[in-house]
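Listed here are the chains, written in short residue letters.
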Amino acid sequence: MNSKGLEHIKNKTIIEKAQLIRIEMSQLPKKLPEFKKSRVTKDILIASWLENWIKTDLKTGKIRPQQLLPKKDDIASYLGISTGTIQNAIRYIEDAGLVESKQRIGTMVKDQKESVTLLRKQTSKRDGAILAIKKLILDRKYKIGENLPSSREISKMLGSAPNTTRLALEYLSAIGIIKSMGNRGNKANWLLTKLPELSQDVKNVDIKSDTLVSQVERDLKNYIQKNFTVGEKLPAHLELSNVLKVSIKTIHDAVKGLIKEGILSAKRGRYGTTIIKLPNDKQTEKLENSIFASAQDAVFYNYEKIERHIKDMIAKNYSVGDKLPSMSELSKQLDVSGNTIRKALQNLAKECIVEFARGKYGGTFIVNIPKIPEKQPTFTWLSVNKEHIKAYRTPQVSEK
C-alpha cells in the first residue's frame, strides 16, 4: 500500500547517494586562503581556492569525478568561517561547472569531459533574481558602459533578499554581463559590459522562481494523477522524502501547497494525508458506489464517519422511540472501537437525535429523525454487512 508508482519518481534521479564516496578533509589544501590580504569577499576567495584545488587534483588523480566534497560545516570549521559563506562559494564553482549540488546528497565533483547532469538541479531564488536583473537591464534600457544601481537598491526594486541579489550580480559578473567596480556599501558597483539575452518564455519574471518546493509539488501532482484515486492516502512524508531525495521539510512544504490548492487534506496521527481531488480534475470525484467515502467524507476522523453513518441508518431504518443496538453490537458490526461508537453517539445526543436511558430497560433511543440532504453522498462504512441492516432496527419503546 502507498508504494505503487514509486519507480516513476525514482527514475528522476540518475545517481544514488549510496554510490558516492566523500572526499576526506585531509585531502583539502593545507595552504588556506589569505582573507586579510584580499580585497574580494570571502565567498569569492574561497570559490577560487576550491576551484584551483579541484582542477589540480582532478588532473593528478587525487580526486575523481562523482566524489562528494566534504560537508559544508566541516569546510567552514576548517577555514574558520560561516557555513553560509561556504554555501555561497560552492554556488560559484557550481556555476563554473566544477560541481553539482543536491539536497540530502551533497556536492559532487563533475566530470569536466561530460556535460550531462547526474543530479536534478535545484532552481533557487538566486536563479530567479538573475533572470529578474536581466529583465531589469533590458526593460530600463541600460546602455553598455552605464552604471547599474547599487546591490541594495536593486534588491529593493526586485523585492529580493540582499544576499540573493548580491549572489545574482556576482554570477552576472562571472559570465561577463556586468563588471565590478570594487565599491562597497550603497555605492553603485556594477558596470554594464554586455546586454543580456532573455528568452520569450521568461518575460514575466517573478523573484519567487521555480524553487525545489515547486518542483516537488509538480512531482507530487504527477505522482498522484498517475497512481492514485480520490479517497486514497499518500505515503508517509518519510517515504516520499526517500523517493524524491529531498528533505522531509521540503515534502512537508510541498504537501502544504497541494493542501492550499484543495488537492490534499491532512489529519493528524494515523489518518495521514488524503487525496480529495485529482490535480487535473476541476471537481472532487464522487465515489458513492465505491468502498471509499466521498472526498469530503474521506478527511473525517473515524467517529465522524460513524456519526454520519448512524444518522443515515436512523433516517432510513428507524422511527422515533426505537432503540439502537448496544454499543458493543455496533462496535462489532462496524468494526471500530467502542470508544469510537461512544463518541459518535454522544455527538448525536448533543444534536438531540438520540438519548440515553439507564437500567434494565435502558439503552440508546431515537428521539428525532435526522434530515439527510438529498444531494449529500451517503457514506458506506467498509465493515458493514448489508445483510445486517435489518438487525439494526430493534424497535423497543422506552419505558419511562
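See the structure printed just above.
None of these values were measured; they are calculated from a predicted model.

Colleague: What is the right way to read the overall build of the protein chain from this model?
Modeller: Scanning the protein chain from terminus to terminus reveals 15 helices and 10 strands. Burial status across the protein chain gives 43% buried among its 400 residues. Relative to all contacts within the protein chain whose residues are 6 or more apart in sequence, the contacts with residues 24 or more apart total 67%.

Colleague: Is there a simple way to explain the environment of D74 in this structure?
Modeller: Note that D74 resides in helix α3 (residues 72–79). Considered as a pair, D74 and M25 are 49 residues apart in the sequence and their alpha carbons are 7.7 Å apart.

Colleague: Can you walk me through helix α9 (residues 237–244) in this structure?
Modeller: Note on helix geometry: an α-helix contains 3.6 residues per turn, so any two residues three or four positions apart are oriented the same way. All buried positions along α9 are accounted for by L240, S241, V243 and L244. For α9, the buried positions fall inside an angular range of 165° around the axis, keeping them on one side.

Colleague: Help me out: how do you make sense of unusual backbone geometry in this one?
Modeller: For residues other than glycine, phi is negative in most cases, and the peptide bonds are mostly trans. One non-glycine residue, K141, lies in positive phi territory at about 55°. Note on placement: K141 falls in the loop between α5 (125–139) and α6 (151–158). Residue K141 is classed as exposed on the basis of its relative accessible area of 68%. Positioned with a positive phi, C352 is a non-glycine residue whose angle comes to about 65°. Following the sequence through the fold, C352 ends up in the loop between α14 (338–350) and β9 (354–357).

Colleague: I would appreciate a short explanation of the pattern of salt bridges in the present structure.
Modeller: Pairs can form between side chains of opposite charge whenever their charged atoms are close. Taken as a whole, this structure holds six salt bridges when the rule is applied. The salt bridge partner of E51 is K55, with a shortest N-O separation of 2.9 Å. In this pair, E51 and K55 both sit in helix α2 (residues 42–60), four residues apart, roughly one turn of the helix.

Colleague: Honestly, the side chain of K311 in this entry has me stumped. Any pointers?
Modeller: Here K311 is to be found in helix α12 (residues 302–317). At a separation of 2.8 Å, a polar atom in the side chain of K311 contacts the side chain of E351. Apart from the residues within four sequence positions on either side, K311 is in contact with L348, E351, I353, P370 and I372.

Colleague: Sorry, what's going on with the environment of L172 here?
Modeller: With respect to the helices, strands and loops of the structure, L172 is situated in helix α7 (residues 162–174). Judged by its relative accessible area of 0%, L172 falls in the buried class. Those residues in contact with L172 that sit more than four places away from it in its chain are I130, I133, K134, I177 and I178.

Colleague: Sorry, what's going on with the packing of α2 against helix α4 (residues 83–95) here?
Modeller: Describing two packed helices takes the angle between their axes plus the distance from one axis to the other. It is the contact of α2 with α4, at a shortest axis distance of 8 Å, that shows an interaxial angle of 55°. For the element pair α2 / α4, the angle class is oblique. Seen from above, α2 lies across α4 with right-handed handedness. Two secondary-structure elements touch here, α2 through K42, D43, I44, I46, A47, L50, E51 and I54 and α4 through T85, I86, N88, A89, I90, Y92 and I93. Of the residues that constitute the contact of α2 with α4, the class distribution is 10 nonpolar, two polar and three charged.

Colleague: Looking at this structure, how should I read a nonpolar patch on the surface?
Modeller: The grouping of L138, I144 and L195 at the surface amounts to a nonpolar patch, some 260 Å² of accessible area in total. Within the secondary structure layout, L195 lies in the loop between β6 (190–192) and α8 (212–227). On the basis of relative accessible area, L195 is assigned to the partly exposed category, the value being 43%.

Colleague: Hey, could you run me through the nonpolar core in this one?
Modeller: What tends to happen in soluble globular proteins is that the nonpolar side chains get buried as a cluster. Grouped together as the largest cluster of nonpolar side chains are 23 residues, with contacts concentrated most on I46, W53, I54, L69, I86 and I93. Where this core is concerned, the elements lending two or more residues are α2, α3 and α4. Among the nonpolar cores identified, the runner-up in size contains 18 residues, and F228, I263, L264 and L278 belong to it.

Colleague: How do you make sense of the packing of aromatic side chains when you look at a structure like this?
Modeller: Describing an aromatic ring pair means giving the distance of the ring centres and the angle of the ring planes. This model, assessed by the stated rule, comprises one aromatic pair. Judged by centre distance (5.3 Å) and plane angle (90°), the rings of Y223 and F228 are edge-to-face. This pair shows no difference in class: Y223 is buried, exactly as F228 is. Of note, K42 hangs over the ring of F35, and the distance from its end group to the ring centre comes to 5.8 Å.

Calculation notes
Residues numbered from 1 in each chain as written. Predicted model: local features only at pLDDT ≥ 70, side-chain atom pairs only at ≥ 80, totals over all residues. Heavy atoms only, no water. Helix = DSSP H or I, 4+ residues; strand = E, 2+ residues; numbered from the N terminus. Buried < 20%, exposed > 50% of the residue type's maximum accessible area, 1.4 Å probe, protein only. Contact = heavy atoms within 4.5 Å. Arc of directions from axis to C-beta. Salt bridge = Lys/Arg side-chain N within 4 Å of Asp/Glu carboxyl O. Polar contact = N/O pair within 3.5 Å; in protein donor to acceptor, adjacent residues only side chain to side chain. Axes fitted to C-alpha atoms, helices over the stretch in contact; angles between N-to-C directions. Parallel < 35°, antiparallel > 145°, perpendicular 65-115°, else oblique. Left-handed = near helix turned anticlockwise from the far one by under 90°. Nonpolar A, V, L, I, M, F, W, Y, C, P; charged D, E, K, R; others polar. Patch = residues over 30% accessible without salt bridge, like charges linked within 9 Å, V, L, I, M, F, W, Y side chains within 5 Å. Areas by Shrake-Rupley, 256 points an atom, 1.4 Å probe, with all protein chains shown as cover. Core = buried A, V, L, I, M, F, W, Y, C linked by side-chain atoms within 4.5 Å. Phe/Tyr/Trp six-rings, centres within 6.5 Å; stacked < 30°, edge-to-face > 60°. Lys NZ or Arg CZ within 6 Å of the ring centre and 35° of its normal.

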